[in-house]
Amino acid sequence: MQVTNQTGDQHEVPTESGKGNQYLLPFILITSLFFLWGMAHGLDGILIPHLKKACQLNNSQSTLIDTAIFFAYFIMAIPAGMIIKKIGYKNSIITGLLVFATGAFLFVPAANTRTYELFLFALFVIGCGLTILETSANPYAAILGPPESSSFRLNLAASFNGLAAMLGPVLGGIFILSGINHTPEEMAAMPEATKAAYLLEEASAVKLPYIVLGSILVLVAIMFYFMHLPSMKSKQTENEIKPGFFSVLKFSHLTWAVVAQFFYVGAQVCVTSFFVRIAQKEAGLDEKTAAYYLGIYGFLFMAGRFSGTFFLKFVKDYVLLSIYCVANILLCLVAIYGSGIVVIYALGGIGFFMSIMFPTIFSLGLVGLKSNTETGSSWLVMSIVGGAILPYAMGTLIDMKHDDIQAGYIIPLVCFVIILYFGAFGHKVKNSIS
């Protein structure tokens, strides 16, 4: 039997009793991908202050870590969609895992030479792998089961992305951050040999975590190779008009979803990228304690994902998205104008209310696209480039404001205003493919 899911695609669904269970193990494996790329992004919040210290960078230079990984989404989104069409979801997932692993292993030579450019290249490679994974896994999770529960399923899988957002900073704080910080005056007074040894030791701290991560990715790729995944190829209907890559944007709800996703990812990365530094500067926390609070932020993000998935059973997805945007606008104002530990509490609240935004925007953007789901997915993944652009703008603003990190949080505030418009108005489907 064929059914049409929330995105409008038709897919084969088993009709025999119990056959629906064939989706359970594949869904579990797909969910593991959400966890793995969440771990990569969870470590970014640790890498930014760590490499800023190890490679002696300013604020805007340190955000190039975000630029490298998220610019890859923009570059690879179209090729990723083409790869899926050419080799299918399963082989695309395996390819993404192996590219991701390659980037993780490149951290070893980058650390050995303390070369920031090589770190950025490794992160770009990781970003390429993540793009292929996300372009594959997000729509696959959405269509892997009953069509009426698409948003629920995607938010459930994304909840484990939130689990990684909690564990990543905690593990990074334990295995990467040394807790040793020297003032510029102390660094200047160090003998060159002592200074070089200290900086090399700091840079080398990233090697073991990324070797372990790369090894896990290879093992998961092997599991996918031997696992049977149900075929989920879209079927184009006789009367369906199939627009090209750019003309699909004539569907205004997709266009607004792309805009909203750009600003959502930018906001999320902005908040986490400067979390450790604002916790040190405004709340007076040391480096490792700040990383622990970033882990609490991740826990709240995860809790928001799970609770948001529950609320979606009773509240329309676009309504919940709008409510959460209003909450985050208010919390951004607290982060900008508050003081002390209250600022950190506000950022934790932002993490909770950001939690459902990515999968909800993604799902709303794909409504009614039918066999153009892959193309729409590519656009939505391309919009992740917001994570490359907006944090750099935030770092530049902070440098211009003489290291006033709180002032930089006006950028996430503006992002949530734009997402609010999408939740209230922009999500509405004014036309569809028929």
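In short, a report on the structure.

## Re the overall build of the protein chain
Across its full length, the protein chain carries 19 helices and two strands. When contacts within the protein chain are restricted to residue pairs at least 6 apart in sequence, those whose partners lie at least 24 apart make up 83%. Accessible area for the protein chain stands at about 16,800 Å²; split by element, carbon and sulfur atoms hold 68% of it.

## Some thoughts on the environment of V269
Examined against the element boundaries, V269 turns out to sit in helix α10 (residues 252-273). Here V269 falls in the buried class, since its relative accessible area comes to 5%. What V269 contacts, discounting residues up to four positions off in sequence, is D66, F70, G387 and P391.

## What about the pattern of salt bridges?
All told, the structure shown has four salt bridges when counted by the stated rule. Two residues, K53 and E287, come together in a salt bridge whose shortest N-O distance is 3.1 Å. Within this pair, whereas K53 is found in helix α1 (residues 24-54), its partner E287 is found in helix α12 (residues 287-311), the two being separated by 234 residues in sequence. The two residues K53 and E287 agree in class, both being buried. D403 is the salt-bridge partner of K281, the closest N and O atoms lying 3.5 Å from each other. Remark: D403 occurs in the loop between α17 (386-400) and α18 (405-408) and K281 occurs in helix α11 (residues 275-282); sequence separation between them is 122 residues. A relative accessible area of 24% means that D403 is categorised as partly exposed.

## Remarks on the nonpolar core
Ranked by internal contacts, the top residues of the largest apolar core, which has 130 residues, are L33, L97 and F224. The greatest single-element share of this core, amounting to 15 residues, is contributed by α1. If we ignore the near neighbours within four places in the chain, the residues touching L33 are I93, L97, L133, A137, V220 and F224. Listed in part, the five residues of the second largest apolar core include A72, M76, C128 and I132.

## So, the packing of α1 against helix α5 (residues 116-143)
In contact at an axis separation of 10 Å, α1 and α5 are set at 150 degrees when each is read in the N-to-C sense. For the element pair α1 / α5, the angle class is roughly antiparallel. Handedness of the crossing formed by α1 with α5: left-handed. Facing F27, I30, L33, F34, W37, A40, H41, D44, L47 and L51 of α1, the residues of α5 in contact are Y116, F119, L123, L130, L133, E134, A137, N138, Y140 and A141. Residue composition of the contact of α1 with α5, by class: 16 nonpolar, two polar and two charged.

Reading guide: rules and limits
The written sequence of each chain sets the order in which its residues are numbered from 1. Given that the model is predicted, a residue must reach a pLDDT of at least 70 before its local features are reported, and side-chain atom pairs must reach 80 or more before they are shown or counted; all residues, however, enter totals for whole chains, interfaces and linings. Excluded from the side-chain calculation are hydrogens and water; included are all heavy atoms of the structure. Every helix listed is a DSSP run of H or I at least four residues long, and every strand listed is a run of E at least two residues long, numbered separately from the N terminus. The criterion used for residue contact is that any of the two residues' heavy atoms lie within 4.5 Å. The accessible surface values rely on the Shrake-Rupley method and a 1.4 Å probe; as for residues, cover is taken only from the protein chains in view. Type-normalised accessible area, obtained with a 1.4 Å probe on protein chains alone, sets the label of each residue: buried when under 20%, exposed when over 50%, and partly exposed for intermediate values. A pairing counts as a salt bridge when a side-chain nitrogen of Lys or Arg comes within 4 Å of a carboxyl oxygen of Asp or Glu. In this description, a nonpolar core means a group of buried Ala, Val, Leu, Ile, Met, Phe, Trp, Tyr and Cys residues linked to one another through side-chain atoms lying within 4.5 Å. Interaxial angles span 0 to 180 degrees and are taken between N-to-C directions of axes, which are lines fitted to C-alpha atoms, for helices over the stretch in contact. Roughly parallel means an angle under 35 degrees; roughly antiparallel, over 145; roughly perpendicular, 65 to 115; everything else is oblique. The crossing is said to be left-handed when, going from far helix to near helix, the turn is anticlockwise and less than a right angle, and right-handed when the turn is clockwise. Put simply, Ala, Val, Leu, Ile, Met, Phe, Trp, Tyr, Cys and Pro go in the nonpolar bin, Asp, Glu, Lys and Arg in the charged bin, and everything else, Gly too, in the polar bin.

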